[in-house]
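Per-entry structural report
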Amino acid sequence: MSLFVERRRPAVTPELLMRVTLAWAMIAALLLVTGLPAILGHRFPDPDDTLRLLQVRDLIAGQGWYDMTVHRADGEVMHWSRLVDLPIAAVILALRGLVGMAAAETTALVVVPLVTMFVCLFLVGRIAWRLLGDELAMFACLALAFSVPVVEQLRPMRIDHHGWQIALVLLALNAMMARSPRTGGWIVGGALATALAISIEQLPIACAFVAVLAFRWFSDRHERQWLVSAMQALAVVSAVLFAATRGLSAMQTCDQIAPVHLAVFAWGAVVFTAASALEPRPRGMLFAAVAAAVGGALAIVWQIAPACIGGTFGAVEPVARELWLSRVAEGSPIWRQDLPVMLQIVLPPAIGLAALVRLAGRSSGWLRRCWTEYAILLAAAFVLSIFVARAGAVAGALAAIPVGWQLREWLRRVRHARRPMKRIATYGAVSVALVPAAPALLLLSAVPGQAQGQYAPLHRMPAEGECGISAAPLALKEEPTGRSLVPLDVGAIVLLETRQSVMATAHHRAAKLGTVIRAFTADDATARAIVEGEGIDTVALCPSLAEPQNYAHDAPNGLAAALMSGRAPGWLEPLAPRGDGWRVWRVRH
């Protein structure tokens, strides 16, 4: 029996839209107020957002749909999807004739993330409304806003792909609760296929959804259509999106959906479709089908792309892996994060899981199964976030509904508690739940500086007064077209705001990642040989950035340490005055 046979509520009502819109308006207003300096200063939260806008600019300027090359970054070929470029480009194209290109871009940088947030709030509110009632829709929406990792991906200026991934996972969760197994399964598979087309990092979550649907089949043989439809949709939609966004001539890679993945999805669809057609059969036949699907998938990967078994970063050379990739905070496990960040990632899913266990214990029949499946999905996302911090956004979004329910329960206890100690204890529980979210909005508009001489996580963009592109490389902006050696984390900014080209940006596909690092950490003679061999015209850095601080710490006698301490070698001519901001030199050839 499908989950909502007993509760035939309309899919959407004016009441639900009103509650979601009210929650969105409050959250968006706070984000706009706290983020106004970043919006006006064109400060991006992450280098990925900068490069995303550059990619959209190139597309609008006529770069080919299938051409994902960053031509001024030594020909980097990005693994990103054009699907994320579409809404940004649409807003810019719609407005540039009315307000000009600059204002159109700024509008897109604000509107697209906030629209994504509305979609996420609606999907969260819809599940809460259907399962728990009208009041919980608002609580669930507010709980989503309490999750710092979620809000971090949905605030203005954050135009990279993570927000859409959150929305698509929530869409798949909504579809898991549809009345029709065939329709619901196809929406689940289609949503997961789109999320994977945007970024393959959602593959573990997709596997968790497939596992839950297989669990449904094991529990009730009449529910097999869920898994069959989801696998068919995953195979078909993935193939269509691959042809539409990558092209039929796209080569095999491990960091994006590629022919090997399409073959795996097709194999799974064929196996489960055939197993469904043979029902009813002994339960052992179903286990055999699962084993055949998993075993066949592994065999396909082993035969077509064995390198993918070792992960997506196998091509990153050792020096870049050690001195750059290992310090990217969002890709590190939670035990390598600061305590506040760790709590922000861990507490909402932990509270949500405890709440789902309680909800399952209070329920029976289809509703108990619903909460159990929900708990499995949240647990999978939670485990993933422990090993990869940026996955905390999906875990936080999935936790919003049970956390909203738990918050309402705590508030009810506070209102009805007669004994002072019980009321104090309940207030304490609510405080523990909300303390990690207290800085959610304030932290988004300020980034703490990093102490000199300590290892600092990368991908934390500095304040405008320190290293903002508009305040400094005026020397770079005024230079004619040339080639610059700059830290990886500001490579995308230099590409966006100047006519210069760079050796590499902060992305694992950049072929010259190691070369940039070696140039900044090498001694004078070696650094000069690299710079001249690469045809570098200018060298620039900002001492407030974490990246050059790390280089100076790793190599006290290297080029970065010399430049930061004012001991520039004689083959560099200063172009910008020394100060707290950028420092720029021209190479004397």
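Residues numbered from 1 in each chain as written. Predicted model: local features only at pLDDT ≥ 70, side-chain atom pairs only at ≥ 80, totals over all residues. Heavy atoms only, no water.

1. Examining the overall build of the chain
- Secondary structure summary: the chain contains 24 helices and seven strands in total.
- Classification of the 589 residues of the chain by burial places 56% in the buried group.
- Within the structure as shown, the chain displays about 23600 Å² of accessible surface, and the carbon and sulfur contribution to it stands at 66%. (Helix = DSSP H or I, 4+ residues; strand = E, 2+ residues; numbered from the N terminus. Buried < 20%, exposed > 50% of the residue type's maximum accessible area, 1.4 Å probe, protein only. Areas by Shrake-Rupley, 256 points an atom, 1.4 Å probe, with all protein chains shown as cover.)

2. As for the side chain of His 79
- Position of His 79 relative to the elements: it lies in the loop between β2 (76–77) and α3 (82–99).
- Judged by its relative accessible area of 16%, His 79 falls in the buried class.
- In contact with His 79, other than residues within four places in its own chain, are Arg 246, Asp 255, Gln 256, His 508 and Arg 509. (Contact = heavy atoms within 4.5 Å.)

3. Concerning the pattern of salt bridges
- A complete count under the given rule lists 26 salt bridges for this structure.
- The salt bridge involving Asp 49 is made with Arg 158; its shortest N-O contact spans 2.9 Å. A residue pair is termed long-range when its members are at least 10 positions apart, and Asp 49 in helix α2 (residues 47–60) and Arg 158 in the loop between α6 (148–154) and α7 (162–175) qualify at 109 residues. Of the two residues examined, Asp 49 and Arg 158, each falls in the buried class.
- A network of salt bridges, in which partner residues are shared, links Glu 135, Arg 362, Arg 408, Glu 409 and Arg 412. (Salt bridge = Lys/Arg side-chain N within 4 Å of Asp/Glu carboxyl O.)

4. Examining a nonpolar patch on the surface
- On the surface, a cluster of nonpolar side chains totalling about 260 Å² of accessible area is made up of Trp 186, Val 236 and Val 240.
- Among the structural elements, Trp 186 can be located in helix α8 (residues 181–198).
- Classification of Trp 186 as partly exposed rests on a relative accessible area of 33%. (Patch = residues over 30% accessible without salt bridge, like charges linked within 9 Å, V, L, I, M, F, W, Y side chains within 5 Å.)

5. As for the pairing of strand β7 (residues 583–587)
- Burial analysis of β7 places four of its five residues in the buried class, the great majority of the element.
- Here strand β5 (residues 538–541) runs beside β7; their pairing, made up of four bridges, is antiparallel. When the bridges of β7 are listed, Ala 540 appears paired with Val 584.
- Where strand β6 (residues 572–574) meets β7, three bridges bridge the pair, whose relative direction is antiparallel. Each residue of the ladder has a partner; that of Glu 573, found in β7, is Arg 586. (Pairing = 2+ DSSP bridges.)

6. Observations concerning the packing of aromatic side chains
- Scanning all chains against the criterion turns up six aromatic pairs.
- Arranged with centres 4.8 Å apart and planes meeting at 25°, the rings of Phe 218 and Phe 287 form a pair that is stacked. Note that Phe 218 is positioned in helix α9 (residues 203–219) and Phe 287 in helix α12 (residues 283–304), a separation of 69 residues in sequence.
- For Phe 287, a relative accessible area of 49% gives the class partly exposed.
- Consider the rings of Trp 335 and Phe 387, whose centres lie 5.8 Å apart with planes at 90°: the pair is edge-to-face. Note that Trp 335 is positioned in the loop between α13 (318–323) and α14 (339–362) and Phe 387 in helix α15 (residues 365–387), a separation of 52 residues in sequence.
- Over the ring of Trp 226 we find Arg 216, and its NZ or CZ is 4.4 Å from the ring centre. (Phe/Tyr/Trp six-rings, centres within 6.5 Å; stacked < 30°, edge-to-face > 60°. Lys NZ or Arg CZ within 6 Å of the ring centre and 35° of its normal.)

7. Here's the deal with the state of the cysteines
- Scanning all chains against the criterion turns up one disulfide.
- One disulfide bridge connects Cys 254 with Cys 308, the sulfur atoms lying 2.0 Å from each other. Its S-S torsion of approximately -90° makes the covalent link between Cys 254 and Cys 308 left-handed. Note that Cys 254 is positioned in the loop between α10 (224–245) and α11 (259–277) and Cys 308 in the loop between α12 and α13, a separation of 54 residues in sequence.
- On the accessibility criterion, Cys 308 (17% relative accessible area) is buried. (Disulfide = S-S within 2.5 Å.)

8. Concerning the packing of α8 against α9
- Contact geometry for α8 and α9: axes closest at 10 Å, N-to-C directions at 165°. Looking at the two axes, α8 sits roughly antiparallel to α9. Considering how the two elements wind past one another, α8 and α9 form a crossing that is left-handed. Packed against α8, whose contacting residues are Val 188, Leu 192 and Leu 196, the element α9 presents Leu 203, Ala 206, Phe 209 and Leu 213 at the interface.
- Taken together, the residues of the contact of α8 with α9 sort by class into seven nonpolar, no polar and no charged. (Axes fitted to C-alpha atoms, helices over the stretch in contact; angles between N-to-C directions. Parallel < 35°, antiparallel > 145°, perpendicular 65-115°, else oblique. Left-handed = near helix turned anticlockwise from the far one by under 90°. Nonpolar A, V, L, I, M, F, W, Y, C, P; charged D, E, K, R; others polar.)

9. Focus: unusual backbone geometry
- Its identity as a non-glycine residue notwithstanding, Asp 74 has a phi of 60°, on the positive side.
- Here Met 157, not a glycine, exhibits a phi torsion of approximately 85°, which is positive.

10. Comments concerning the sheet that holds β7
- If you walk across this open sheet you meet the five strands as β4-β3-β5-β7-β6, and the pairing is mixed. Two strands close off the open sheet at either side, each with one partner strand: β4 (501–502) and β6.

11. Some details on the confidence of the model for the chain
- Chain-level pLDDT for the chain is 85 on average; 87% of the residues reach the 70-or-more range.
- Ignoring residues within four places in sequence, the model shows residues 435–456, a span with pLDDT below 50, making 42 contacts including any to other chains.
- Contacts of residues 459–465 to residues separated by more than four positions or lying in other chains number 29 contacts, the stretch itself having pLDDT below 50. (pLDDT = per-residue confidence, 0-100.)

12. A closer look at the nonpolar core
- If you look at the biggest cluster of nonpolar residues, it comprises 142 residues, and the most contacted ones within it are Phe 209 and Leu 398.
- The element contributing the most residues to this core is helix α4 (residues 101–132), with 16 residues.
- In this view, Phe 209 contacts Val 169, Ala 172, Leu 173, Met 176, Val 188, Leu 192 and Leu 377; residues no more than four positions away in its chain are not counted. (Core = buried A, V, L, I, M, F, W, Y, C linked by side-chain atoms within 4.5 Å.)

13. Some details on the pairing of β5
- In β5, alternate side chains face the same way, and those of Thr 538 and Ala 540 on one face and Val 539 and Leu 541 on the other are all buried.
- In the sheet, strand β3 (residues 483–485) pairs with β5 via two bridges, with the strands oriented parallel. Each bridged residue has a counterpart across the sheet, and for Ser 484 the counterpart in β5 is Thr 538.

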